[in-house]
Amino acid sequence: STYILTMSYALYIAGAALTLFWYFLLRPRKGGKDAPPTLLNSPVVPIPIIGVMAEFFKSPNTMIKRCYRDIGPVFTIPISFKRLTFLIGPEAQEIFFK
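What this report covers is the structure whose coordinates are included nearby. As the structure is a prediction and not an experimental result, all values here were calculated from the model.

### Focus: helix α3 (residues 60–70)
Right, on to step 1. The complete set of buried residues in α3 reads M63, I64, R66 and C67. Looking straight down α3, one finds its buried side chains confined to an arc of 160°; they lie on one side. When the buried face of α3 is taken as reference, the exposed residues oriented beyond 90 degrees from it are N61, T62, K65 and R69.
Right, on to step 2. Contacts made by the buried residues of α3 are with α2 (50–58), β1 (74–79) and β2 (82–87).
Right, on to step 3. Looking one or two residues beyond α3, the residue adopting positive phi is G72, at roughly 130°.

### Observations regarding the nonpolar core
For soluble globular proteins, the rule of thumb is that nonpolar side chains tend to be buried together.
Right, on to step 1. Counting residues in hydrophobic clusters, the biggest one holds 12 residues: L39, I49, V52, M53, F56, M63, I64, C67, F75, I77, I79 and F86.
Right, on to step 2. For this core, the secondary-structure elements that each account for two or more residues are α2, α3 and β1.
Right, on to step 3. Setting aside residues up to four positions removed in sequence, L39 forms contacts with V52, M63, R66, C67, I71, T76, I77 and P78.

### So, the pairing of β1
Consecutive side chains of a regular strand alternate in pointing toward one face of the sheet and then the other.
Right, on to step 1. With 5 of its 6 residues buried, β1 lies for the most part within the structure.
Right, on to step 2. Alignment of β1 against β2, held across 6 bridges, turns out to be antiparallel. Bridge pairing links I77 to L84 in β2.
Right, on to step 3. Between β1 and the antiparallel strand that follows it, β2, lie 2 residues; S80 among them carries a positive phi value of about 55°.

Parameters at a glance
Residues numbered from 1 in each chain as written. Predicted model: local features only at pLDDT ≥ 70, side-chain atom pairs only at ≥ 80, totals over all residues. Heavy atoms only, no water. Buried < 20%, exposed > 50% of the residue type's maximum accessible area, 1.4 Å probe, protein only. Helix = DSSP H or I, 4+ residues; strand = E, 2+ residues; numbered from the N terminus. Arc of directions from axis to C-beta. Contact = heavy atoms within 4.5 Å. Core = buried A, V, L, I, M, F, W, Y, C linked by side-chain atoms within 4.5 Å. Pairing = 2+ DSSP bridges.

Set out below in structure tokens:
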């Protein structure tokens, strides 16, 4: 009886910890109104967020070419705790060289 009660508390705490971990560290964050589009799903691995990371680690060049074709020259890819923003081409990078 006390073992079952202890296990239920442990599962509750583990579930709460995983939820907080996802919410604060892994969930996609939206930028401001002028932020570039963020890629949240991958057609190669159809699992949100994890699929994007799996596709990027499997073949980054292929993924970047696909994103450039589908989204455009400016886009963001969430990788673990970081967000990678790509500016592809001279027009997208022009603001940095003025």
